[in-house]
Every structure is written in C-alpha cells, then in structure tokens.
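One-letter residues, chain by chain:
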Amino acid sequence: MTLEGTQLIGRETVLATGEAFHAIDPSTGETLQPAFPTGGQAEVERASELARAAFDSYRETGLEARARFLETIADKIEGIGDELIERAMAESGLPRARLESERGRTCGQLRLFAKVVRDGEWLDVRIDPALPERQPMPRVDLRQRHVALGPVAVFGASNFPLAFSVAGGDTASALAAGCPVVVKGHPAHPGTSELVGRAVQAAVAECQLPEGVFSLLQGAGNEIGQALVTNPSIKAVGFTGSRAGGTALARLAQNRPEPIPVYAEMSSINPVFLLPEALEARGEALAEGFVGSLNMGAGQFCTNPGLMIGIQGEALDAFLATAAKAVEASGTQTMLTPGIRDAYDRGVAALASSDKAREVARGQSSDAPNQCQTGLFVTKAKDFLADETLQAEVFGATSLVVSCADQDEVKRVAEHLEGQLTATLQMDDADVDFARDLLPTLERRAGRVMVNGWPTGVEVCHAMVHGGPYPATSDSRTTSVGSAAIHRFLRPVCYQNLPQALLPEALRDGNPHGVSRLVDGQREH
Ligand code: NAP
C-alpha cells in the first residue's frame, strides 16, 4: 500500500495544507517518506462534525453489528501483513518480535471488546417496576441503562505504535461503548498510523456504518490536538503520554464552556519494595529479574520499575552489587524518538548531578543514534523524602534504589510517593506481616498491587487495572487497559414511566437482548 501522507476524514482522504513533517528512523536518523502535511482547524472541524452526525446512529447499533465491526477492524489490521510491522519498525526502532506481539495484542483487545459488547453486561440494565399499590406512595416505573458519552478524541501513544495508538485500547473501548472516534496520531509514527487508519476506514465501509464513526488526524505541534479537545462535538478524551501533555489537555478540557472528561495515562515510577526476608533469601535473583524488567523495551514502558526500596544492610548491598554488574553488561537500545532520548538524557543528568543521589552503574555506551544507556542510582530515604525531584519519571532504562534505615522509614517512603500505576512487593512468607502493614498505603497510592512479579507486562483481561491516582492518570476511577476501560465512555440514563414502545430494547419487558439485568433488586439471568 502506498502511503499518501493524508488525513483520513470519514470515508475521504484529505491532503492537508499545514507544515509538513516526516517520520524519522530513530536507529539511523534517516528521514522517512512520505511527507505528512499537518492538519488544521478545517480538518478538525470536519472530522468532529462527521463524528457528531454519526453518533446517534452508531450508538444504537445492535450488539452483534457493533461486535462484528470490532472484529472486522482486527481482521483488516492482520490483513495489512508484514508491511505494517516493517513500517512500525522503521518509525519506532522497536524490534520485529515486539511489534508482532503488539499487533497480536491490538487485535486481541479488539476481539475482547467484541465479546464484551455481545455480552451486554456494560449496559448495566436496572429495572424497578412500578408499584402502583405501594403505601404510602406508589412507585413509578424506573429503568436504567448506560449510553455512550459521544465522540471521543484519542491521542496515539509514542511507545505503543499499535496497541495504544490508532486502533489501540482507547479506540477499541470507545468504539465498543458506541462512541465515534477521532484519533490524533502520534507524530513519531504517521505511516503506521495511516496504515492502521485505512484498515479502520475499510471496516467502517464494509460494516456499512456512518462514515463519521472514525477519522484520523495527523500533525506535529500542539495546535491540532488542542483544536480537537476544544471542539464542542468532542465529549471525552483518551491520552497516553507525558505528564505535561496530559495535564495541559485535562486543563483545556476543564476550561471548555462544556467541560469533558480526560482519561490521561501519564507518569509512574512503579515502586518495588524489597522486603527483608525475600532480599536475604534471593537477592541475586531479584537483582537479575529487576535489571531484565528495567531494560525491557529500553525502559520505555509506563510500568517500568523506576524505584526500588529496601532496608540498608548486607542483603541490600549484595542486591546492588549484582544489579550493578547486570547494568554494566547491558547493551544500548534504540529509543523511540530523538525527543524521548533527549528527555531521558536530561533525566539521567539530573540524577547524576544531584547531591542526594549516587551513580551505582551505567550500561554500555554507543555512538549510534538515539541510544539508551542503562543507569542505576542510589539514594538514602531521608534524601528521597526531602527532594521531590527524585520522584520524577525518567522515561527509559534508569532506576533509583532508596536505602531505608528500617521498616518505619520504608513506610514513610511509601506514604510520600505520588500516585502510581503499580506497586510491587517482593516478599517471602516471613514478610507477610510487614506486607500487610504496607498494603493500605499501596492501595491508596497505586492502581495495581502485585507480589513477586515485575510491573512490566500488562495483561489485557477483565480484572486488569491500568490506572491510579495523579500523576499516574488524570482520573483514578478507571483503567485504560482491559475490558473495564469501556466504562470511561459510558454514562447512566434513567427512563421513568416510558411506554414499552418508547423504551430502548434492552430495557423492554421480556429482555429481548437476553442481557443480565437487575430487576427489582434481583439479578435476572
Ligand atoms: P507527549 O509529548 O505527551 O505527546 C503525546 C501526544 O500528545 C502527541 O500527539 C502530542 O502532540 C500531544 N500533545 C502533547 N502535549 C500537548 C499539548 N499541550 N497540547 C496538545 N497536544 C499535546 O508524549 P510523547 O511524545 O510520547 O513523549 C514525551 C515524553 O512523554 C517522554 O519522554 C516520556 O517522559 C513521556 N511518556 C510517558 C509515557 C507513559 O506511559 N508514562 C508514555 C509515552 C511518553 P505533538 O507531539 O504533535 O505536540
């Protein structure tokens, strides 16, 4: 398929007139063709208006038709074949195996949402039938279901060119909820975005849905994203990226005449607590597991273990010595973009120049473009508690070990942490009491608490929570991974005393959709 560098607006391809940008192969620095002229206000308005026009029809598509649409997108993405993987490799520097597995995850989550749609549980149907004889007051007939919020703006993520971009988790969950989607592609991988965008466009046409169900805008610079978030037709936003970007967009959305929710997944350093018995018994294996997790994907995961917390002593020293050796043996890896590599270097330099942190080890270096050199630093808990900047996310393969005097200091460090996507306990049976003591704090601080694993690797399933208090996300009540992500784009509506003929089908007597319902407080089906 020849890439055209166009915006995909409804069923059309539109060559914008804004300043052109190119993707760059971060492993060579080479500029990739074609040029992508940046979309402007006209393209934002057209895509948003089409989405608004499509909304009422799309949100009432039958469960089967909507599920088939999601499955058709997955089929069409697979149908692109190797061209998609090769373009994504060139635009991201990520290896083939990672991108093939990311494509599997992308299609898998589309199919998971198809199942969720068919199942109908997300409608959360509640029926309280009329009680005309009730004393002292009769009860009217009350029925509730969930409806889609409206058109959703989705910002593609740099670090997941497939699974959190054009047809990634935000798009899949919004489409599953019945929301048309306007994607703002990430400027690091516009070709990958165009290929996937065309697959979604083709699925819309094949499923005979209104064209405004999906559009893809491309552009470099903040204007296009800001125009999208402030467009009155847009009713919610999904975002993965920097704290500065997500926070700016959330503010913009709150300051609209009609404020809208922004689900931004931003910044997390994913603390790992090395509890004493585990550290004593298997410190070496923990150090090796830690550095493996740290280096995964050049550390460019929101779940990268950026903070290790342990109690000072021989066991922590041995852990540090083994981790240092593993870090020193770590080769460099290509980072996603020159901008991300610059931000990484600035983050590492800030740690290196801090009088409160000490460098323990650096990985191998290389003169190749945009390389990530692994880093390991250590600080004392009292310094960590005194200096907020030591909590800043360094997006890449660098981690900070916090050495605590005792268990109380570990607890103080846990209390002091900003909101996180994950918190991990490395523990053995004899650590249970200490772990129990830490747990309430970790629940307050993180969206996912785990034992004896590493935070990298997020299962797409029903129980997953990929969220957490600010700055991990802008709204801790939800998740951006897993089937519960659909709830971000739904709201309840109650229908009082409507005749059967006017009620949405899911709420009618006889349960025509066969979905699970709460009738007069009793679970039916
Ligand atoms: P980013 O700079 O936040 O950009 C993400 C997307 O949002 C891009 O499309 C960007 O458009 C847009 N955007 C950012 N700020 C905006 C604003 N104020 N108004 C309108 N649009 C805005 O993230 P990135 O490019 O992926 O990486 C930069 C840094 O983000 C990394 O170094 C890392 O620190 C962090 N990051 C964190 C995660 C995580 O999961 N925790 C993931 C990825 C990145 P333009 O680029 O066209 O302006």
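The name given to the protein in an unreviewed UniProt entry is 2,5-dioxovalerate dehydrogenase, and the organism recorded there is Halomonas eurihalina. Taken from UniProt, the Sequence similarities (unreviewed entry) comment for the protein reads in full: "Belongs to the aldehyde dehydrogenase family."

> Is there a simple way to explain unusual backbone geometry in this structure?
Keep in mind that most residues, glycine aside, have a negative phi and that most peptide bonds are trans. Cis geometry is found at the peptide bond from glutamine 33 to proline 34, where omega equals 0 degrees. Within the secondary structure, proline 34 sits in strand 4 (residues 31–37). One non-glycine residue, asparagine 497, lies in the positive phi region at around 65 degrees. With respect to the helices and strands, the residue asparagine 497 is situated in the loop between strand 21 (490–496) and strand 22 (517–519).

> Sorry, what's going on with the pairing of strand 11 (residues 262–265) here?
Residues in a regular strand point their side chains to alternate faces of the sheet. Every second residue of strand 11 is oriented toward a common face, with Val262 and Ala264 on one face and Tyr263 and Glu265 on the other, all of them buried. Here strand 10 (residues 236–240) pairs with strand 11 via 4 bridges, running parallel. Bridging from a neighbouring strand, valine 237 pairs with valine 262 of strand 11. Crossover connection from strand 10 via helix 8 (residues 243–254) to parallel strand 11: handedness right-handed.

> How should helix 11 (residues 338–353) be read in this particular structure?
Helical periodicity: at 3.6 residues per turn, an α-helix aligns residues three or four positions apart in one direction. For helix 11, built from 16 residues, the straight-helix expectation of 22 Å at 1.5 Å per residue is met to within 8% by its first-to-last C-alpha distance of 22 Å. Among all positions in helix 11, only Ile340, Tyr344, Gly347, Val348 and Leu351 are buried. Buried residues of helix 11 fall within an arc of 95 degrees about the axis and therefore sit on the same side. Turned more than 90 degrees from where helix 11 packs its buried face, Arg346 and Ser353 sit exposed. Those residues of helix 11 that are buried are in contact with strand 15 (357–362), strand 16 (371–372), strand 17 (375–380) and strand 18 (398–404).

> Looking at this model, I keep getting lost on the sheet that holds strand 10. Mind explaining?
One key point about sheets: their strands pair by backbone hydrogen bonds, in either a parallel or an antiparallel sense. Pairing in this open sheet of 7 strands is mixed, and the strands run 2-1-9-8-7-10-11 from one edge to the other. At either margin of the open sheet sits one strand with a lone partner, and together these are strand 2 (12–14) and strand 11. Ignoring which end each strand starts from, the neighbouring axes of this sheet average 20 degrees apart. Lying over the sheet, helix 1 (residues 41–58) contacts strand 1 (7–9), strand 2, strand 8 (181–184) and strand 9 (214–217), oriented at roughly 30 degrees with respect to strand 1.

> Please clarify how helix 9 (residues 276–295) should be interpreted in this entry.
Between its first and last C-alpha, helix 9 extends only 25 Å over 20 residues, short of the 28 Å set by a 1.5 Å rise per residue. Of all the bends found along helix 9, the most pronounced is centred on arginine 282 and spans about 95 degrees. Phi turns positive, to about 60 degrees, at glycine 297, one or two residues after helix 9.

> Please explain the packing of helix 7 (residues 222–230) against helix 8 as it appears in this structure.
When two helices pack together, their arrangement is given by the angle between the helix axes and the distance between those axes. Contact pair helix 7 / helix 8: the axes reach a minimum separation of 9 Å and the direction vectors enclose 35 degrees. Seen from above, helix 7 lies across helix 8 with right-handed handedness. Counted together, Gln226, Val229 and Thr230 of helix 7 and Leu249, Leu252 and Ala253 of helix 8 form the full contact between these two elements. Partitioning the contact of helix 7 with helix 8 into residue classes produces 4 nonpolar, 2 polar and no charged.

> What's the story with the pattern of salt bridges in this structure? I'm lost.
Two side chains bearing opposite charge may form a pair once their charged atoms approach each other closely. Scanning the entire structure with this criterion turns up 35 salt bridges. Measuring nitrogen to oxygen at the nearest pair gives 2.9 Å for the salt bridge that ties glutamate 71 to arginine 68. Placement of both glutamate 71 and arginine 68 in helix 2 (residues 63–80) is noted, with a separation of 3 residues, approximately one turn of the helix. Among the residues examined, arginine 68 registers a relative accessible area of 37% and is labelled partly exposed.

> I tried to follow the sheet that holds strand 22 on my own but got confused; where do I start?
Taken in spatial order, the 5 strands of this open sheet run 21-6-5-22-23, and their pairing is mixed. Looking along the sheet, the strands with just one partner apiece sit at the ends: strand 21 and strand 23 (522–524). Strand-to-strand twist in this sheet, taken as the mean axis angle between neighbours without regard to direction, amounts to 25 degrees. Looking at chain direction, strand 5 (residues 125–128) and strand 22 are connected through 3 bridges and run parallel. Residue pairing across strands places isoleucine 127 opposite valine 519, the latter belonging to strand 22.

> How should the site of the ligand be read in this particular structure?
Among the 25 residues in the neighbourhood of the ligand, the closest are listed as Ser158, Lys184, Ser242, Met266 and Cys302. The contact in question runs from an oxygen atom of the ligand to an N or O atom on the side chain of histidine 186, over 2.8 Å. With respect to the ligand, the backbone of methionine 266 contributes an N or O atom lying 2.3 Å from a nitrogen atom. Among the elements of the structure, helix 7, strand 10, helix 8 and helix 11 are those that each provide at least two residues to the shell around the ligand. At 3 residues, the largest contribution of residues to the shell around the ligand is made by helix 8. For the shell around the ligand, a count of residues per class yields 11 nonpolar, 11 polar and 3 charged.

Reading the values: the criteria
Residues numbered from 1 in each chain as written. Predicted model: local features only at pLDDT ≥ 70, side-chain atom pairs only at ≥ 80, totals over all residues. Heavy atoms only, no water. UniProt positions renumbered as here; feature names shortened; annotations may be inferred. Helix = DSSP H or I, 4+ residues; strand = E, 2+ residues; numbered from the N terminus. Buried < 20%, exposed > 50% of the residue type's maximum accessible area, 1.4 Å probe, protein only. Pairing = 2+ DSSP bridges. Right-handed = clockwise from strand over helix to strand, strands pointing away. Expected span 1.5 Å × (residues − 1). Arc of directions from axis to C-beta. Contact = heavy atoms within 4.5 Å. Axes fitted to C-alpha atoms, helices over the stretch in contact; angles between N-to-C directions. Bend = angle between axes of the 7 residues up to and from the residue. Left-handed = near helix turned anticlockwise from the far one by under 90°. Nonpolar A, V, L, I, M, F, W, Y, C, P; charged D, E, K, R; others polar. Salt bridge = Lys/Arg side-chain N within 4 Å of Asp/Glu carboxyl O. Near = heavy atom within 4 Å. Polar contact = N/O pair within 3.5 Å; in protein donor to acceptor, adjacent residues only side chain to side chain.

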